[in-house]
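Structural description and commentary
Each chain is listed here by its residues.
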Amino acid sequence: MAALAVVFSAQLALSQTVGEGVEGRVTEEGKPKPKTQVVLLNTDNGRRYKTKTDKDGNFAFVGVQIGSYKVQVFNDKGELVHSSPTKIGTGNSTANQIMSIDLPKNAPPIKDEGKGKHGKRHKMTKEEVKAEKEKVAAMNVLLQQAQSALQAQKWQEAETALKQVIADDPDTTKWQLYRALGESQKNQDKLDDAVKTFEKGIQVAESVADGTAPEDLRNPNADPASAKAGAGHMLNSLGSIYVKQSKLDLAIASYKKAAATDPNPALAYFNLCALAFNAGKYDDAAAACEKSSTADPNKADAWFFRGAALAKANKPGAADALNKYLQLDATGMYAAQAKTYLKSAK
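**Points about the overall build of the protein chain**
Along the protein chain, the regular secondary structure elements total eleven helices and eight strands. Considering only residue pairs separated by 6 or more positions, the protein chain has 60% of its internal contacts joining residues 24 or more positions apart.

Written out as structure tokens, the structure is:
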């Protein structure tokens, strides 16, 4: 939580609540243009919304702020090849505005009209700067309160402060806020609330990780690698809630996604191993724990359950795994069981 405090800048434009939908299609001489970056650039405040086209050239945005925009398309080299003005939610659109962009073959790059990387930004008045400073100061006080409450394990106090921070900045790309809020709710057994919070946090983290998150002027240096790991952590937490709720299919799906997402999937594979072991699926348990111990050779418990699963399945390798567990944690909580399994292990 320490990294969450004092991270706002009073020189940046205020975020706003948004809600328009935009859909469209990019083609090249009439043929679908897949995996092409499309950007909506708000010409009033410089905010950008980014996405990529699917295999059919289609793209979609949700939660777009009403205003004037430029629709921009970039080639594989990151060069701007199309820019056209449009208005979102100002009377010229339906519930989801539809756009169609047809590019010429090998469209040449065009100039970004002299507005730089983020476009022309709204210049704040002295009154707006003052209001922003006051808002930022209040939010940082709440963050400090949340940090102190988390350290003291005062989960309700942490939840209250974090909810207010998110309410004050609903478009934030700071996935860490959702992770901390979800853990606070989980520790109070507010499991349904925690599920919703983690789901939102995972969505935010994934958008940061894959570069599709709208520009957040209060979080300009969001780290995609950290966000990817954060999504993995939240998926593991979400899986543990589903286990508590006896929703084992959802737990397995969450852990599998965590294993595919987290740069260090040891915990996710261990969780899958434990579920399989408890269900008597010893071959599956041994396979998952092998992946866990491969990802983190020092994760002692993964070696124990790998060995125990192999022993119960009467498969070779059990003794090696159990001895590795005892080598890593000779007085661990599974030490006595490991020695018992070793008597009959191969």
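**Quick notes on the state of the cysteines**
Note on terminology: a disulfide is the covalent bond linking the sulfur atoms of two cysteines. A complete count under the given rule lists one disulfide for this structure. Paired by a disulfide, cysteine 273 and cysteine 289 hold their sulfur atoms 2.1 Å apart. Taking the sign of the S-S torsion, -95° for the link of cysteine 273 and cysteine 289, the bridge is left-handed. One end of the pair, cysteine 273, is in helix 7 (residues 266-278); the other, cysteine 289, is in helix 8 (residues 282-295), with 16 residues separating them in the sequence.

**Here's the deal with the nonpolar core**
Across soluble globular proteins, you tend to see nonpolar side chains buried next to one another. If you look at the biggest cluster of nonpolar residues, it comprises 66 residues, and the most contacted ones within it are Phe277, Phe304, Phe305 and Tyr325. Apart from the residues within four sequence positions on either side, phenylalanine 304 is in contact with Leu322, Tyr325, Tyr334, Gln337, Ala338 and Tyr341. Core analysis: the next-biggest nonpolar cluster, separate from the first, contains 17 residues, Val38, Tyr49, Tyr69 and Val71 among them.

**Some words on the confidence of the model for the protein chain**
Averaged over the protein chain, the pLDDT score is 85; the fraction of residues at 70 or greater is 87%. Predicted confidence is poor over residues 91-95, with pLDDT under 50, and the contacts of this stretch with residues over four places away or in other chains come to four contacts. Across residues 114-120 the pLDDT falls below 50, and counting only partners more than four positions away or on other chains, this stretch makes 13 contacts in the model.

**Quick word on the pairing of strand 6 (residues 67-74)**
Counting buried residues along strand 6, eight of its eight residues qualify, which places the element largely inside the surrounding structure. The sheet contact formed by strand 3 (residues 37-42) and strand 6 spans six bridges and is antiparallel. What sits directly across from valine 38, in strand 6, is valine 73.

**With respect to helix 8**
The first and last C-alpha atoms of helix 8 sit 20 Å apart over 14 residues, in line with the 20 Å expected at 1.5 Å per residue. Restricting attention to buried positions, one finds in helix 8 the residues Ala285, Ala286, Ala288, Cys289, Ser292 and Ser293. Where helix 8 is buried, its residues meet helix 7 and helix 9 (300-312).

**Topic: the environment of glycine 239**
Looking at where glycine 239 falls in the secondary structure, it is placed in helix 5 (residues 224-244). It is 9.3 Å that separates the C-alpha atoms of glycine 239 and valine 195, two residues lying 44 residues apart in sequence. For glycine 239, the residues in contact, after removing those within four places along its chain, are Ala251, Ser254 and Tyr255.

**A short note on the pattern of salt bridges**
All chains considered together, the criterion is met by nine salt bridges. Glutamate 28 is paired through a salt bridge with lysine 105; the nearest N and O atoms lie 3.6 Å apart. Of the two residues, glutamate 28 sits in strand 1 (residues 20-28) while lysine 105 sits in the loop between strand 8 (96-103) and helix 1 (126-151), which places them 77 residues apart along the sequence. Residue glutamate 28 is classed as buried on the basis of its relative accessible area, which comes to 15%. Across the salt bridge formed by glutamate 290 and arginine 306, the nearest N and O atoms sit 3.8 Å from each other.

**A word on the sheet that holds strand 6**
Within the open sheet, the four strands sit side by side as 4-3-6-7. Their pairing is antiparallel. One side of each edge strand has no neighbouring strand; the edge strands of this open sheet are strand 4 (48-52) and strand 7 (80-88). Ignoring which end each strand starts from, the neighbouring axes of this sheet average 20° apart. The sheet contact formed by strand 3 and strand 4 spans five bridges and is antiparallel. The partner of leucine 41 across the bridge, within strand 4, is arginine 48.

**What to know about the packing of aromatic side chains**
If you walk through the whole model with that rule in mind, you get eleven aromatic pairs. Between the aromatic rings of phenylalanine 59 and phenylalanine 61, the centroid separation amounts to 5.8 Å while the plane-to-plane angle is 70°, which identifies the pairing as edge-to-face. A relative accessible area of 4% places phenylalanine 59 in the buried class. Since its relative accessible area comes to 5%, phenylalanine 61 is described here as buried. Ring centres 4.6 Å apart and planes at 5° place the aromatic pair phenylalanine 304 and tyrosine 334 in the stacked group. Of this pair, phenylalanine 304 sits in helix 9 while tyrosine 334 sits in the loop between helix 10 (318-328) and helix 11 (335-342), and the two are 30 residues apart along the sequence. Judged by its relative accessible area of 15%, tyrosine 334 falls in the buried class. Each residue in the set Phe270, Phe277, Tyr282, Phe304, Phe305, Tyr325, Tyr334 and Tyr341 is aromatic and connected to the rest through ring pairs, giving one cluster. It is lysine 299 that lies over the ring of phenylalanine 270; its NZ or CZ is 5.0 Å from the centre.

Criteria and cut-off values
Residues numbered from 1 in each chain as written. Predicted model: local features only at pLDDT ≥ 70, side-chain atom pairs only at ≥ 80, totals over all residues. Heavy atoms only, no water. Helix = DSSP H or I, 4+ residues; strand = E, 2+ residues; numbered from the N terminus. Contact = heavy atoms within 4.5 Å. Disulfide = S-S within 2.5 Å. Core = buried A, V, L, I, M, F, W, Y, C linked by side-chain atoms within 4.5 Å. Buried < 20%, exposed > 50% of the residue type's maximum accessible area, 1.4 Å probe, protein only. pLDDT = per-residue confidence, 0-100. Pairing = 2+ DSSP bridges. Expected span 1.5 Å × (residues − 1). Salt bridge = Lys/Arg side-chain N within 4 Å of Asp/Glu carboxyl O. Axes fitted to C-alpha atoms, helices over the stretch in contact; angles between N-to-C directions. Phe/Tyr/Trp six-rings, centres within 6.5 Å; stacked < 30°, edge-to-face > 60°. Lys NZ or Arg CZ within 6 Å of the ring centre and 35° of its normal.

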